[in-house]
Amino acid sequence: MGLTAGSSSWPSCISPACLFLAVFLIFSNMPSEAHLSPTFYDHTCPRALTTIQTAVRTAVSRERRMAASLIRLHFHDCFVQGCDASILLDDSSSIQSEKNAPNNLNSSKVESLCPGVVSCADIVAVAARDASAAVSGPTWTVKLGRRDSTTSGLSQAASNLPSFRDSLDKLVSLFGSKGLSARDMVALSGSHTIGQARCVTFRDRIYDNGTDIDAGFASTRRRRCPANNGNGDDNLAPLELVTPNSFDNNYFKNLIQRKGLLQSDQVLFSGGSTDTIVNEYSKSPKTFRSDFASAMVKMGDIEPLTGSAGVTRKFCNVIN
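This section reports on the structure supplied with the text. (Residues numbered from 1 in each chain as written. Predicted model: local features only at pLDDT ≥ 70, side-chain atom pairs only at ≥ 80, totals over all residues. Heavy atoms only, no water.)

**Quick notes on the pattern of salt bridges**
For the coordinates displayed, the defined rule picks out twelve salt bridges. Across the pair D166 and K170 runs a salt bridge, and its minimum N-O distance is 3.6 Å. Residue classification places D166 among the buried residues on the basis of a relative accessible area of 6%. When the shortest N-O distance is used, the salt bridge between D234 and R198 registers 2.3 Å. (Salt bridge = Lys/Arg side-chain N within 4 Å of Asp/Glu carboxyl O. Buried < 20%, exposed > 50% of the residue type's maximum accessible area, 1.4 Å probe, protein only.)

**As for unusual backbone geometry**
Non-glycine residue S136 carries a positive phi angle of around 65 degrees. For E303, which is not glycine, the phi torsion reads 45 degrees and is therefore positive. Within the secondary structure, E303 sits in the segment after α12 (285-299). Its relative accessible area of 53% is what places E303 among the exposed residues. (Helix = DSSP H or I, 4+ residues; strand = E, 2+ residues; numbered from the N terminus.)

**Focus: the state of the cysteines**
What the rule picks out here adds up to three disulfides. In this model C78 forms its disulfide with C83; the gap between the sulfur atoms is 2.0 Å. Disulfide C78 to C83: torsion about the S-S bond roughly 115 degrees, handedness right-handed. In this pair, the class of C78 matches that of C83, namely buried. For C120, the disulfide goes to C316, at an S-S distance of 2.2 Å. (Disulfide = S-S within 2.5 Å.)

No statement about biological role is implied by the geometric values presented.
Structure (structure tokens):
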């Protein structure tokens, strides 16, 4: 999605470590509830959502690529152990952080908001929604009340996160294992309409002279991505060439023209079962936006910790 930079296998742009929140509000500990609700913090931290929104808008206005990083952060969090902010934990004597997985390098640290009240998992979920809106993307109602994990799933990251080399069948299977349909998967992949990817993730595609890539597009991308491994690996290229800083449906139009940057992008339009979905989204931005919002809500429901499960971390990178 990826969803999407850095050394991620479903890359987005750069680390938003500079972001997150120069904000705190002091409230009493929130009550435990066993369900998610958009109104969860209305009484315990009523300014939480507007505070997050302001911080995200400020960050994105300073660095447009931040939006892709924040969407990707939520995606990578939810796909490993569920939406529990485990991705934010630092290494410790008892934790091997997901941050250190090859698919998660350059993820951000989200600082505390309403310490002991608003969970880091909810901050990540809300920030993803606000990041989308900040670049003219769709918005949606975020259900709240997630709790934070006290563990991190480094060992799970490799098997639970998509790779830029994945086949269509593997992507469909992986998303299906999280309760997401093939249509959800294609819609979420559309987050690659913003953000950037590292040369190392698309080098093989632009140099293999395959029939599934436009020759002119491959030639353009080779200018900043040398053929030899280790040379220019970290050079960035936009995931979507036409309007890389705007959330629109040009990503799908590019796939039809064989201009998907990652192999895992182009397989969505390669004579397989998702071709019709890509065609539909390329013609109807309204349908894409609606489906993307719905898929993000579904993704936010992946195995959340609620009620007495988990904790609410005061600092998102450590267990307090």
